[in-house]
Amino acid sequence: GESVMVHRKRILGLIALPLAAGMLTLTASPAQAETEAAASHARILRPINFAMLLEMDFGAVVVGAGGGTVTLDPQSGTRDCSTLTCTGSHSVARLVLSGSDATVTVTYDPSFIITGPGLPMTVAPLFPGGSGAQVQLTGGSATIDFGAALTVAAGQMDGAYTGDFTVNVNYN
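Cut-off values and rules
Residues numbered from 1 in each chain as written. Predicted model: local features only at pLDDT ≥ 70, side-chain atom pairs only at ≥ 80, totals over all residues. Heavy atoms only, no water. Helix = DSSP H or I, 4+ residues; strand = E, 2+ residues; numbered from the N terminus. Buried < 20%, exposed > 50% of the residue type's maximum accessible area, 1.4 Å probe, protein only. Areas by Shrake-Rupley, 256 points an atom, 1.4 Å probe, with all protein chains shown as cover. Core = buried A, V, L, I, M, F, W, Y, C linked by side-chain atoms within 4.5 Å. Contact = heavy atoms within 4.5 Å. Polar contact = N/O pair within 3.5 Å; in protein donor to acceptor, adjacent residues only side chain to side chain. pLDDT = per-residue confidence, 0-100. Disulfide = S-S within 2.5 Å. Pairing = 2+ DSSP bridges. Axes fitted to C-alpha atoms, helices over the stretch in contact; angles between N-to-C directions. Phe/Tyr/Trp six-rings, centres within 6.5 Å; stacked < 30°, edge-to-face > 60°.

Caption draft 1: Local environment of the overall build of the chain. Assigned secondary structure in the chain consists of 1 helix and 14 strands. Counting over 172 residues, the chain shows a buried share of 28%. Counting every atom, the chain has about 11,200 Å² of accessible surface; 54% of that belongs to carbon and sulfur.

Caption draft 2: Local environment of the nonpolar core. Counting 32 residues, the largest nonpolar core has F58, V106, F127, I144, F146 and L150 as the members making the most contacts within it. Contributing elements (two or more residues each) for this core: strand 5 (68–72), strand 8 (93–98), strand 9 (102–108), strand 10 (112–114), strand 11 (121–126), strand 12 (133–137), strand 13 (141–152) and strand 14 (167–171). The leading source of residues in this core is strand 13, at 6 residues. If sequence neighbours within four positions are ignored, F127 has contacts with P74, V106, Y108, A133, V135, I144, D145 and F146.

Caption draft 3: Inspection of the side chain of Q156 at higher detail. Looking at the secondary structure, you find Q156 in the loop between strand 13 and strand 14. Since its relative accessible area comes to 12%, Q156 is described here as buried. Here L119 takes part through its backbone oxygen, which lies 2.7 Å from a polar atom of the side chain of Q156. Not counting the four nearest positions on each side in its chain, Q156 is found in contact with V63, G118, L119, M121 and Y161.

Caption draft 4: Expanded view of the confidence of the model for the chain. Here the chain averages 85 in pLDDT, while 82% of its residues score no lower than 70. Long-range and interchain partners of residues 1–26, a stretch whose pLDDT sits below 50, account for 20 contacts in this model, where long-range means more than four residues apart.

Caption draft 5: Local environment of the state of the cysteines. Summed over all chains, the structure comprises 1 disulfide. Between C81 and C86 runs a disulfide, and the two sulfur atoms are separated by 1.8 Å. Because the sign of the S-S torsion sets the handedness, a value of about -115° for the bond joining C81 and C86 places this disulfide among the left-handed ones.

Caption draft 6: Local environment of the sheet that holds strand 9. Overall, antiparallel pairing links the 3 strands, which are arranged 12-9-14 in an open sheet. Looking at the sheet topology across the chains shown, the edges are occupied by strand 12 and strand 14. Within this sheet the neighbouring strands show an average axis-to-axis angle of 35°, counted without direction. By the bridge criterion, 5 bridges tie strand 9 to strand 14 in an arrangement that is antiparallel. Residue T107 lies in a different strand from strand 14, and its bridge partner there is N168.

Caption draft 7: View of the side chain of S100. Within the fold, S100 resides in the loop between strand 8 and strand 9. If we skip the residues at most four places from it in the chain, S100 touches I44, L45, R46, L137, G140 and Y171.

Caption draft 8: The packing of aromatic side chains, seen in detail. Evaluated as defined, the whole model comprises 5 aromatic pairs. For the pair Y108 and F146, a centre-to-centre distance of 5.2 Å together with 85° between the ring planes defines the contact as edge-to-face. Placement of the pair is Y108 in strand 9 and F146 in strand 13, with a sequence separation of 38 residues. Accessibility assignment for this pair places Y108 and F146 in one class, buried. A network of ring pairs unites the aromatic residues Y108, F112, F127, F146 and F165 as a single cluster.

See the structure below:
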């Protein structure tokens, strides 16, 4: 029906229809253009910065004939030495994030290596919510704690072991 007529008007320009009383001429009217405003938005964010307040420290671990795991809990800050003996102070890694008031996603590798005089040891970072967890920067900042699980082999050589882990923080 109507869409066909509109289509014919555009092609022919004029259509003459015979009527009993005479001729009626129809002409095509120009297309009526519509204008609508489209909204545009931008949010400017400050770069995310972070500073290390505390470095991760498992403390001193006494290893006998059997190995084990030392775990630093990121929520309580406690240390669990399971079958190993631990002495001295310990700490989770504590970072302060700063930027704009926004939600950020925290990601990290599932493990990293620490090295020293003996065989390298594997460390698995622990973070509330796991890699990909979201943190709200309230007032433009947030403090986050990372714990970890250190796997110590039986007969691990004594000495100091160190290593780095990478944390990525991105706005959502």
